[in-house]
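# Examination of the molecular architecture
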Amino acid sequence: MNLLIKNGLINDNNESYNADILIEDGKIKEIGIKLNNENNYEVIDASERLVLPGGVDVHTHMDLDLGKYRAVDDFYTGTVAAVFGGTTTIVDHIAFGPNGCSLHHKIDEYHKLADGKAVIDYSFHGVIQHVDENILNEMNELVDEGIQSFKIYMTYNNMLNDEEILRVLVKAKETGAVIAVHAENNGAIQYLRKYYGDNGKTEPIYHAVTRPDSTEAEAINRMIYLSEIAGYPHLYFVHVSTKKGLNEITAARKRGVKNIYCETCTQYLTLTEENYKKENYEGLKYIMAPPLRKHEDVEALWKGIEKNEVDVIATDHCPFFFKQKLDGKTDFRLAPGGAPGVEERMEIILTEGIKRGISVNRLVEKLSANPAKIFGLYPKKGTIQIGADADIIIMKKGNKIIEQKNRHGRSDYTAYEGFEVDYVVETTVQRGRILVSGCKLTADEGTGEFIKRKCKKGKED
Ligand code: MN
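## Structural notes on the coordination of the manganese ion
- Surrounding the manganese ion are the protein donor atoms H59 (NE2), H61 (NE2) and D316 (OD), at 2.1 Å.
- The sequence pattern describing where the donors of the manganese ion fall on their chain is H-x1-H-x254-D. Neither residue differs from the other here; H59 and H61 are each classed as buried.

## Points about the environment of L142
- Here L142 shows up in helix α3 (residues 133-144).
- By relative accessible area, L142 is classed as buried at 0%.
- Placed 35 residues apart in sequence, L142 and I107 show a C-alpha to C-alpha distance of 9.1 Å.
- For L142, the contacting residues outside a window of four places in its chain are L103, H104, I107, I147 and F150.

## Focus on the pairing of strand β8 (residues 121-127)
- Among the seven residues in β8, seven count as buried, and that is most of the element.
- Of the two faces of β8, the one lined by D121, S123, H125 and V127 and the one lined by Y122, F124 and G126 are each fully buried.
- With five bridges joining them, strand β7 (residues 87-93) and β8 adopt parallel strand pairing. Following the sheet pairing, V91 is matched in β8 by S123.
- Bridge count for β8 against strand β9 (residues 149-153) is two bridges, and the pairing is parallel. When the sheet's bridge partners are listed, G126 is paired in β9 with F150.

## Digging into the environment of F322
- With respect to the element layout, F322 can be found in helix α11 (residues 322-325).
- Considering only alpha carbons, one finds F322 and T414, 92 residues apart in sequence, at a separation of 9.9 Å.
- Filtering out sequence-adjacent residues up to four positions away, F322 remains in contact with N280, Y281, E282, K285, D412 and Y413.

## Topic: the sheet that holds β9
- Judged by pairing direction, the sheet is parallel, and its eight strands sit side by side in the order β6-β7-β8-β9-β10-β11-β12-β13 without closing on themselves. In this open sheet, the two edge strands, each paired with only one partner strand, are β6 (55-60) and β13 (312-314). The average undirected angle you get between the axes of adjacent strands in this sheet is 30°.
- In this sheet, strand β10 (residues 178-182) lies alongside β9 in parallel orientation, the contact comprising five bridges. Looking across to β10, one finds that Y153 is bridged to H182.
- Sitting on the sheet, helix α2 (residues 103-114) touches β7, β8 and β9, and the angle it makes with β8 is about 160°.

## Some words on the nonpolar core
- One finds F75, F124, I128, F150, I152, M223 and F237 to be the most contacted residues of the largest nonpolar core, which totals 113 residues.
- Grouped together as the second largest cluster of nonpolar side chains are 17 residues, I21, V51, A388 and I394 included.

## With respect to the pattern of salt bridges
- Applying the stated criterion to the full structure yields 36 salt bridges.
- A salt bridge links D63 to R70; the nearest nitrogen and oxygen atoms lie 2.7 Å apart.
- Judged by relative accessible area, which is 12%, D63 ranks as buried.
- K194 is paired through a salt bridge with D198; the nearest N and O atoms lie 2.8 Å apart. With a gap of four residues between them, K194 and D198 both fall in helix α5 (residues 186-198), about one helical turn apart. For the residue pair K194 and D198, the accessibility class agrees, reading exposed in each case.
- One network of salt bridges, in which partners are shared, links K27, D121, K380, K381, D389, D391, R431 and E449.

## A look at a negative patch on the surface
- On the surface, D108, E141, D144 and E145 cluster together to form a negatively charged patch.
- Structurally, E145 is set in the loop between α3 and β9.
- On the basis of relative accessible area, E145 is assigned to the partly exposed category, the value being 34%.

## Quick word on the packing of helix α7 (residues 213-229) against helix α8 (residues 243-254)
- Viewed as axis vectors pointing N to C, α7 and α8 meet at an angle of 25°, and their least axial separation amounts to 7 Å. By the angle class used here, α7 and α8 are roughly parallel. Note on packing geometry: the crossing formed by α7 with α8 is right-handed. Counting all contacts with α7, which are made through D213, S214, E216, A217, I220, N221 and I224, the residues of α8 involved are K244, G245, E248, I249 and A252.
- Split by residue class, the contact of α7 with α8 holds five nonpolar, three polar and four charged.

## A few points about the side chain of R193
- Assignment of secondary structure puts R193 in helix α5.
- Put simply, R193 is tucked away with no salt bridge, and the nearest opposite charge, on D331, sits 6.8 Å away.
- Once residues lying within four places of it in the same chain are set aside, the contact partners of R193 are H207, T210, R211, F332 and R333.

## Regarding the packing of aromatic side chains
- For the coordinates displayed, the defined rule picks out 16 aromatic pairs.
- When the ring of Y110 is compared with that of F124, the centres are 5.7 Å apart and the planes differ by 75°; the resulting orientation is edge-to-face. In this pair, Y110 is assigned in helix α2 and F124 in strand β8, connecting sequence segments 14 residues apart. Across the pair, F124 and Y110 agree in class, each one buried.
- Ring geometry for Y191 versus Y195: centroids 6.0 Å apart, planes at 20°, classification stacked. Here the residue Y191 and the residue Y195 both occupy positions in helix α5, the gap between them amounting to four residues, near one helical turn.
- Accessibility expressed as a relative area gives 53% for Y191, which makes it exposed.
- You can call Y195 partly exposed: its relative accessible area is 44%.
- Linked through ring pairs, F75, Y110, Y122, F124 and F450 together constitute an aromatic cluster.
- The aromatic ring of F322 is capped on one face by K285, whose charged end is 4.8 Å from the ring centroid.
- One cation-aromatic arrangement involves K373 over Y378; the distance from NZ or CZ to the ring centre is 4.9 Å.

Thresholds applied
Residues numbered from 1 in each chain as written. Predicted model: local features only at pLDDT ≥ 70, side-chain atom pairs only at ≥ 80, totals over all residues. Heavy atoms only, no water. Donors = N, O, S within 2.8 Å, 3.2 Å for Na, K, Ca; no water. Buried < 20%, exposed > 50% of the residue type's maximum accessible area, 1.4 Å probe, protein only. Helix = DSSP H or I, 4+ residues; strand = E, 2+ residues; numbered from the N terminus. Contact = heavy atoms within 4.5 Å. Pairing = 2+ DSSP bridges. Axes fitted to C-alpha atoms, helices over the stretch in contact; angles between N-to-C directions. Core = buried A, V, L, I, M, F, W, Y, C linked by side-chain atoms within 4.5 Å. Salt bridge = Lys/Arg side-chain N within 4 Å of Asp/Glu carboxyl O. Patch = residues over 30% accessible without salt bridge, like charges linked within 9 Å, V, L, I, M, F, W, Y side chains within 5 Å. Areas by Shrake-Rupley, 256 points an atom, 1.4 Å probe, with all protein chains shown as cover. Lys, Arg positive; Asp, Glu negative; His and termini not counted. Charge placed at Lys NZ, Arg CZ, Asp CG, Glu CD. Parallel < 35°, antiparallel > 145°, perpendicular 65-115°, else oblique. Left-handed = near helix turned anticlockwise from the far one by under 90°. Nonpolar A, V, L, I, M, F, W, Y, C, P; charged D, E, K, R; others polar. Phe/Tyr/Trp six-rings, centres within 6.5 Å; stacked < 30°, edge-to-face > 60°. Lys NZ or Arg CZ within 6 Å of the ring centre and 35° of its normal.

Now the structure itself:
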């Protein structure tokens, strides 16, 4: 697709400047002042608008099958929500498979779930739920097939023990794959959930009480030392939610630990555990793991963005209906975990970050460039430069209130009801195709493509 985006203020991860962007065959062909339109391409006038690289959300759970529950956005509705919020690429964290299944088992299934449905480009993180020689060998195969990252869990039924984690890390070091880890201390959480539950402490606030910040910090710390033993493979902490957890990462970097990356999510930057105390069971809407934290954690994570300690802002988009969350009415442990967020991330983070005096470039780095770099998508994705995919969003300054009625996903609530945003996505372009125009959907189902991601073998930064 061919296009000319004129007169916009381009905001990449390292600079802002006024220029036109000429798009040919879905790629950025030329960037410059007053570009000629010799071939009469369609023109978008971006005067008084911000032009940004499309968002890259590397933590979503589309169509996630949890057994009793299934996340209510599939790869169509979830990516439609994404595109309205200015996100043009996702890397989805896939569900667990049956015990003992191969790594390919779930990846094959996810290709079927996404193919013909997604309206934006996508990839998947592999998931490792047990470890043996076959699984380790399969990591090589998947890397060759463009799956450059694998998720492991330190809690839940399919968690790995320390020996298994070490074997995975050693293999990751060899292949150059990134290991994404859900870091929470399982034993402590099991103990606390039982202790409080047995004593009738089952209101939603006990979801936060039973996963204290130390459970995150301990797991992060242990993981970092295991990584040291394995020779520092690329290690990525998903959804870091606490000051204590972030402190473990910054302390490790100070003592020379290499190749660790830190993600946080919109909710940990904007919401606190006070939400669990909402009346009429509304606190259940925020049941997710890790839980929402305290004000001082929110502040520490924003400081971490300012100081470049946090690398990525993602969403952990995993929506359910409120009526499903109400299964936790008598006991928070019975509610499915997760909340929507893929649509809100770009607008909310730009609004809140700029209010805090953080540059738009720094925010673009966290929302687009860094996730693309870490997960093998850069410079195809995550940047506005010649040769990159023309994945571009145009935002206008203005005021919008986020409400359920202006959301596009399938869930019947938003965790950000009433949030005011100052930056509104008006146009979303992917590979030169206009997916949202004037806040209206123009994308066709199934036009998103699976993106093969590449490892940076042996390279350390
Ligand atoms: Mn998740």
